[in-house]
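Report on the structure
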Amino acid sequence: MSQNRIDLRSDTVTLPDDEMRRAMAEAEVGDDVYGEDPTVRRLEEESAAAVGLEAALFVPSGTMGNQIALRLQAAPGEEVICDAASHVIHYEMGAMAALSGLLPHPLASLGGQLDPVAVEEAVVKDASFHARTGLIVVENTHNMGGGTVYDRPHLERILAVARRHGLPVHCDGARIFNAAVALDTSAAALAAGFDSLMFCLSKSLGAPVGSMLCGARDFIAEARRVRKMFGGGMRQVGVIAAAGLVALRKGPARLADDHDNARRLATALAAIPGIGLDPASVRTNIVIFRVGSELVGRSPEGAAAAFLARLREVGVLGGKVDADRVRFVTHRDVRGAEIDEAIERIREVAGAAVH
Ligand code: TLP
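What you see as residue numbers is a count from 1 along each chain, following the sequence as written. Totals for whole chains, interfaces and linings use all residues, but because this is a predicted model, local features are given only for residues with pLDDT of at least 70 and pairs of side-chain atoms are given and counted only at 80 or more. Heavy atoms from the whole structure form the basis of all side-chain values; hydrogens and water molecules are not counted.

With that settled, the discussion passes to the overall build of the protein. Secondary structure elements are defined from DSSP: runs of H or I of at least 4 residues count as helices, runs of E of at least 2 residues count as strands, and each element is numbered from the N terminus. Each helix and strand in the protein was counted, giving 14 helices and 13 strands. Each radius of gyration reported is based on C-alpha atoms, and the globular scaling rule is 2.2 Å times the count of residues to the power 0.38. Computed over the C-alpha atoms, the radius of gyration of the protein is 21 Å, within 12% of the 20 Å expected from 2.2 N^0.38 for a compact globule of 355 residues. Note on exposure labels: buried denotes an accessible area under 20% of the residue type's maximum, exposed denotes more than 50%, and partly exposed covers the range between, all computed with a 1.4 Å probe on protein chains only. When burial is assessed residue by residue, the protein has 54% of its 355 residues classed as buried. By sequence separation, contacts in the protein at least 24 residues apart represent 73% of the contacts at least 6 residues apart. We get accessible surface area from the Shrake-Rupley algorithm with a probe of 1.4 Å; when it comes to residues, only the shown protein chains can shield them. Carbon and sulfur atoms make up 53% of the accessible area of the protein, which totals about 14700 Å². Whether two residues are in contact is decided by their heavy atoms: any pair within 4.5 Å suffices.

The following block contains the structure:
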C-alpha cells in the first residue's frame with residue numbers, strides 16, 4: 001500500500017491527541033478501587049452532569065458498561081427487549097447470557113429504531129408459563145442502523161410503555177453525543193427518564209480507552225460492586241481518565257464536522273453505480289451501504305468483503321456489516337481533505353470494476 005491509509009473502519013481508531021497525552025502525563029492519580037483517584041472522580045462527576053443523571057462510573061469498555069447495567073436490572077431467566085441488530089446482541093460475545101443468564105428478545109426494526117407498539121406487544125404480561133420481561137434496551141445512536149437517532153418524542157413513547165409495565169430502560173448511548181448534535185439538543189435531554197445510560201469516551205469523543213455508566217446514586221454504587229466482579233476494578237487509572245476528561249470536554253463540539261464528512265461521503269457514494277445508499281438517512285458519523293455484485297463480480301466471500309479488499313489496496317479501510325453491506329465511520333483523525341481523497345479512490349475502484 002503506497003498511499004497514506006484512510007481508516008474509516010470505526011471511530012474507535014482515533015489516537016490520543018497532544019492535549020490528551022499531556023493530560024495523561026500530568027494526571028493526579030490514586031487507587032480507584034479505594035475510590036481515591038481524583039481524576040477518575042472528576043471524570044465521573046462531569047460525566048453524570050453531562051447526561052443529567054445523578055452519578056457515573058468509569059468502566060474499561062462500552063461492553064462492560066452495558067453488561068453491568070443488564071446484570072443489575074434484570075434477573076437470570078428474564079428477557080431483555082432490544083432491536084434485533086443491537087450491539088448488546090451482536091457484538092457483546094453473548095455476554096448477557098454468559099454473565100447474567102438473560103435471554104434477548106430481539107425485535108425487527110427499521111434502522112434499529114424500536115417501535116413502541118411492538119415493544120408493548122413483546123412485554124410478557126403472563127409470566128406463569130413464560131420468561132418474564134426484565135429490561136428494555138434502546139441504542140442511540142444506532143450503530144448497525146447506520147447511526148440513526150431516536151428523537152425525544154419517540155423515546156417518550158418507549159419510556160411510557162416501560163413505565164406502564166414497571167420495567168427499567170437502559171440506553172446504550174455509546175454515541176449519545178452524536179445523537180444530541182444531530183438533533184440539536186443536549187445529551188441530558190436524550191438521557192432523561194432512562195434508568196441507566198452508557199456512553200463511550202473511546203468512540204466519537206476520541207479518547208483512547210473508556211466508557212461511562214450513568215444512573216441514580218444507588219444504582220452506581222451497585223454498579224461499582226459488579227464492575228469489580230467482572231474484573232473491571234482499575235487502580236491508578238487516572239492516567240486514562242485524564243484523556244477521557246479532555247474527550248468529554250472537547251469532543252462533543254467537533255462532532256458536527258464528522259457528521260458533515262459522513263454526509264459528504266454518503267452523497268458521493270450514492271452517486272456511484274452499484275452502490276445502494278440513501279444519503280438522506282445519514283444523520284451522524286456512520287455510513288452503511290450496499291455493494292452490488294456489478295462492483296466486484298461473483299465473489300465467494302461476498303460482495304462486501306471483495307469490495308473492502310479492493311479498497312484496502314488503495315488505502316481506504318472500511319468494515320464489513322454482512323455479506324453485501326459495508327460500514328464507514330467518520331472521526332476526528334480523518335479530516336475533510338482525506339474524505340475527498342477517499343471518495344476519489346473509491347470512485348476509481350468502482351469505475352475500474354464497471355468498465
Ligand atoms: N462498537 C464497535 C464495534 O464493537 C462494533 C464499533 O466499531 O462501532 N455500544 C455500541 C452502540 C457500540 O457501537 C459499541 C462499540 C459498544 C457498545 C461497545 O463498546 P466497546 O468496544 O468499548 O466495548
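Glancing now at the pattern of salt bridges. Any Lys or Arg side-chain nitrogen found within 4 Å of a carboxyl oxygen on Asp or Glu counts as a salt bridge. As enumerated under the stated definition, the model contains 23 salt bridges in all. Across the pair arginine 175 and aspartate 11 runs a salt bridge, and its minimum N-O distance is 2.8 Å. Remark: aspartate 11 occurs in the loop between strand S1 (6-7) and helix H1 (18-26) and arginine 175 occurs in the loop between strand S6 (169-172) and helix H8 (176-183); sequence separation between them is 164 residues. With respect to class, arginine 175 is no different from aspartate 11; both count as buried. The closest approach of N and O atoms between arginine 254 and aspartate 258, which form a salt bridge, is 2.5 Å. When its relative accessible area of 1% is taken as the criterion, aspartate 258 is described as buried.

Moving on: the packing of aromatic side chains. Paired rings are identified among Phe, Tyr and Trp, the last through its six-membered ring, by centres lying within 6.5 Å, and are further divided according to the angle between planes into stacked (under 30 degrees), edge-to-face (over 60) and tilted (the rest). Enumeration according to the criterion identifies 3 aromatic pairs in this entry. Members of the aromatic cluster, each reached through a chain of ring pairs, are Phe289, Phe307 and Phe328.

This part is about the site of the ligand. The rule for a residue being near a molecule or strand is that one of its heavy atoms must lie within 4 Å of it. What surrounds the ligand is a group of 16 residues, the closest being Ser10, Gly62, Thr63, Asp172 and Arg175. Pairs of N or O atoms are called polar contacts if they sit within 3.5 Å, as long as, within protein, a hydrogen donor faces a hydrogen acceptor (for residues adjacent in sequence, only side-chain-to-side-chain pairs). Histidine 87 places a polar side-chain atom, nitrogen or oxygen, 2.9 Å from an oxygen atom of the ligand. Relative to its unbound accessible area of 510 Å², the ligand is 83% covered by the protein chains. No other element matches the 3 residues that helix H3 (residues 62-73) contributes to the shell around the ligand.

These domain boundaries are the output of an automatic or database domain assignment. We note that the domain assignment places domain 1 (18-250) and domain 2 (254-354) within the protein. Taken together, the contact between domain 1 and domain 2 spans 17 residues of the former and 14 residues of the latter. Counting every contact that joins domain 1 to domain 2 gives 0 salt bridges. For the pair domain 1 and domain 2, the interface holds 4 residue pairs in polar contact (both at pLDDT 80 or more). Under the scheme applied, nonpolar residues are Ala, Val, Leu, Ile, Met, Phe, Trp, Tyr, Cys and Pro; charged residues are Asp, Glu, Lys and Arg; polar residues are all the others, including Gly. Class assignment for the residues of the side of domain 1 that touches domain 2 results in 8 nonpolar, 7 polar and 2 charged.

On to the environment of alanine 305. Tracing the backbone shows alanine 305 in helix H13 (residues 303-313). Expressed as a C-alpha distance, the spacing of alanine 305 and arginine 325, which sit 20 residues apart in the sequence, is 8.8 Å. Leave out the neighbours within four places in its chain, and alanine 305 touches Lys320 and Ala323.

Here the focus is the sheet that holds strand S4 (residues 103-107). The sheet built from 7 strands is open, its strands ordered S2-S8-S7-S6-S5-S3-S4 with mixed pairing. Each of the sheet's edge strands pairs with one partner strand only, and the pair in question is strand S2 (55-59) and S4. This sheet shows a mean twist of 20 degrees between the axes of neighbouring strands, independent of strand direction. Here strand S3 (residues 79-83) pairs with S4 via 5 bridges, running parallel. Bridging across to S4, aspartate 83 finds its partner in leucine 107. Each pair of strands is called paired provided DSSP finds at least two bridges between the two strands. All axes are obtained by fitting lines to C-alpha atoms, using only the stretch in contact for helices, and the reported angles, taken between N-to-C directions, cover 0 to 180 degrees.

A few words now on the sheet that holds strand S9 (residues 275-276). Here 4 strands make up an open sheet; going across it, the order is S9-S10-S13-S12 and the pairing antiparallel. Edge positions in the open sheet fall to S9 and strand S12 (319-322), since each of these has one partner strand only. Inspection of the sheet shows S9 paired to strand S10 (residues 286-291) by 2 bridges, in the antiparallel sense. From the neighbouring strand, isoleucine 275 faces S10, where its bridge partner is valine 291.

What follows covers the packing of H1 against helix H11 (residues 238-250). In contact at an axis separation of 7 Å, H1 and H11 are set at 140 degrees when each is read in the N-to-C sense. Comparing their axes, H11 and H1 come out oblique. As for how H1 packs across H11, the hand of that crossing is right-handed. When H1 is examined against H11, the residues Glu19, Met20, Ala23 and Met24 are found in contact with a partner set consisting of Val239, Ala242, Ala243, Val246, Ala247 and Lys250. Angle categories are assigned with fixed cut-offs, so that under 35 degrees is roughly parallel, over 145 is roughly antiparallel, 65 to 115 is roughly perpendicular, and the rest are oblique. Two helices that cross are described as forming a left-handed crossing if the nearer one is turned anticlockwise from the farther one by less than a right angle, and a right-handed crossing if clockwise.

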